[in-house]
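# Inside the fold
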There are 2 protein chains.
Amino acid sequence: MILKKGGSVENNMNAPVYTAASLKAELNEKGWRLTPQRETILQVFQNLSEGKHLSAEDLYEVLKADGEGISLSTIYRTLKLMARMGILRELELAEGHKHYELNQPYPHHHHHLICVRCSKTIEFKSDPILKIGTKAAQKEGYHILDCQLTIHAVCPTCQRALLPV
Amino acid sequence: MILKKGGSVENNMNAPVYTAASLKAELNEKGWRLTPQRETILQVFQNLSEGKHLSAEDLYEVLKADGEGISLSTIYRTLKLMARMGILRELELAEGHKHYELNQPYPHHHHHLICVRCSKTIEFKSDPILKIGTKAAQKEGYHILDCQLTIHAVCPTCQRALLPV
DNA sequence: AGAGTAGTTGATGATTATTCTCAATAAGTG
DNA sequence: CACTTATTGAGAATAATCATCAACTACTCT
Ligand SMILES: [Mn+2]
Ligand SMILES: [Mn+2]
Ligand SMILES: [Zn+2]
Ligand SMILES: [Zn+2]
């Protein structure tokens, strides 16, 4: 993975999302700071190819391999911070640990179909769902951060396997 | 909570769901067994009032209070088993632990709007979502178990609180 | 630019939800 | 009723995540 330092950053779908500057602005507005670690982590997610999702440990390893050593403490803190800011989405794609991806707005917004046996995940899009979710949040006065349809299912391979539940 | 022993069981919305007999049939078909513990746990969920969700610990306490002592080991095993069977849905309503509820079919199927700050949860219905989810799973040949829209947001109260993320 | 304030990091230890192990028990079968 | 084997319960083990705190540094204000 190539980390572009400084300047504006685009994601892999050619839709401009966050720049270091816009992240800094949003952080500072709340009295927080833009650190090199936070900027680096954002860039990793922005450069992540489509359909990829990272766990905390995954991110830790990616950064280590890139020569950017960031502590697991900071990784966990940053993932949670960015999820709460609405920059990242927190996904339950497998048992035991969370995965994260960039929270992309329409029209790149998507959902997940997950095999509960082998965790094979397929992404799919649906504009109506985003609309319905947005409306439901609005109706209750909630400020929406993320809206994700999760389908738990058994993939064709695992159906054939006839494994014990 | 009142646990009805034996006979057919109805949920709080007057829609017949699982009976002890139908659970037994489904279990035996796979070589599993219907135990008093499994039957009791199913009944707890069937008698749960609308909008309630139980964690493993919650369920453990409910059963203890009811004089039905079931070990935490069995609770965890049974929750996972029933979720994999599609009888229960596994929900991420709060940080740190899962919640469970009966996986009710249409027209009782519903979704969750969750405050990421205080975990206040609102349920809402949407038939189109269930249709979209079912179609997405079918298209990929996945055998659907559950289909849930999760909206992460900040509730009106927490918006006013201006708390640190 | 320099100083001060307070948010952030990284190392480490703590927590805790969930799983594993295994001997004792009991459900299903015929 | 006897047999096979899934299931239970107690306790230990695991692992993801969080808390703590001293050292560091981003930001703000002269
Ligand atoms: Mn995705
Ligand atoms: Mn619910
Ligand atoms: Zn699978
Ligand atoms: Zn709230």
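Everything numeric here is computed off the predicted structure, so don't read it as measured data. (Residues numbered from 1 in each chain as written. Chains lettered and ligands numbered in written order. Predicted model: local features only at pLDDT ≥ 70, side-chain atom pairs only at ≥ 80, totals over all residues. Heavy atoms only, no water.)

### Quick look at the protein's contact with DNA strand C
In the region of DNA strand C, 25 residues are neighbours, and Thr35(A), Arg38(A), Thr74(A), Arg77(A) and Lys80(B) sit closest. Among atoms of DNA strand C positioned within 4 Å of the protein, sugar and phosphate together represent 65%. Here Gln37(A) contributes a side-chain N or O atom positioned 3.0 Å from a sugar or linking oxygen of DNA strand C. One nitrogen or oxygen atom from the side chain of Arg38(A) is found 2.5 Å from a phosphate oxygen belonging to DNA strand C. Contributions of two or more residues to the surface near DNA strand C are made by helix H2 (36–46) and helix H4 (72–85) of chain A together with helix H1 (20–29), helix H4 (72–85) and strand E2 (97–102) of chain B. Sort the elements by how many residues they give to the surface near DNA strand C and H4(B) lands first, with 4 residues. For the surface near DNA strand C, a count of residues per class yields 5 nonpolar, 11 polar and 9 charged. (Near = heavy atom within 4 Å. Polar contact = N/O pair within 3.5 Å; in protein donor to acceptor, adjacent residues only side chain to side chain. Helix = DSSP H or I, 4+ residues; strand = E, 2+ residues; numbered from the N terminus. Nonpolar A, V, L, I, M, F, W, Y, C, P; charged D, E, K, R; others polar.)

### Looking at the packing of H2(A) against helix H3 (residues 56–65) of chain A
Residue and element names in this part refer to chain A. For the pair H2 and H3, the least separation of the axes is 11 Å and the interaxial angle reads 100°. As summarised for this structure, H2 and H3 are arranged roughly perpendicular, according to the angle between their axes. Residues Thr 40, Ile 41, Val 44 and Phe 45 of H2 form the contact with H3, whose participating residues are Leu 59, Val 62 and Leu 63. Split into classes, the residues belonging to the contact of H2 with H3 amount to 6 nonpolar, 1 polar and no charged. (Axes fitted to C-alpha atoms, helices over the stretch in contact; angles between N-to-C directions. Parallel < 35°, antiparallel > 145°, perpendicular 65-115°, else oblique. Contact = heavy atoms within 4.5 Å.)

### Brief notes about the coordination of the manganese ion (ligand 2)
All names here are of chain B. Around the manganese ion (ligand 2), the donor atoms from the protein are His 53 (NE2), Glu 101 (OE), His 110 (NE2), His 112 (NE2) and Glu 123 (OE), and they sit 2.1 to 2.3 Å away. Mapped onto the polypeptide sequence, the residues donating to the manganese ion (ligand 2) form the spacing pattern H-x47-E-x8-H-x1-H-x10-E. Residue His 112 is found in strand E3 (residues 111–115), and its partner Glu 123 is found in strand E4 (residues 121–124); the two are separated by 11 residues along the sequence. Given the relative accessible area of 2%, His 112 is considered buried. (Donors = N, O, S within 2.8 Å, 3.2 Å for Na, K, Ca; no water. Buried < 20%, exposed > 50% of the residue type's maximum accessible area, 1.4 Å probe, protein only.)

### Here's the deal with helix H2 (residues 36–46) of chain B
Since one α-helical turn is 3.6 residues long, residues separated by three or four positions face the same way. Of all 11 residues in H2(B), 8 are buried, a share of seventy percent or more. Residues of H2(B) that are buried in the fold lie against H1, helix H3 (56–65), H4, strand E1 (88–94) and E2 of chain B.

### Points about the pairing of strand E5 (residues 143–154) of chain B
Where burial is concerned, most of E5(B) is hidden: 10 out of the 12 residues are buried. For strand E5 (residues 143–154) of chain A and E5(B), the ladder comprises 11 bridges, and the chain directions are antiparallel. Bridge pairing in E5(B) links Ile144(A) to Ala153(B). In this structure, E3(B) lies alongside E5(B), joined through 4 bridges in parallel fashion. Directly across from Cys115(B), in E5(B), lies its bridge partner Ala153(B). (Pairing = 2+ DSSP bridges.)

### Considering the coordination of the manganese ion (ligand 1)
Bound to the manganese ion (ligand 1) on the protein side are His53(A) (NE2), Glu101(A) (OE), His110(A) (NE2), His112(A) (NE2) and Glu123(A) (OE), at distances that span 2.1 to 2.2 Å. Every donor residue of the manganese ion (ligand 1) comes from the same chain, spaced as H-x47-E-x8-H-x1-H-x10-E.

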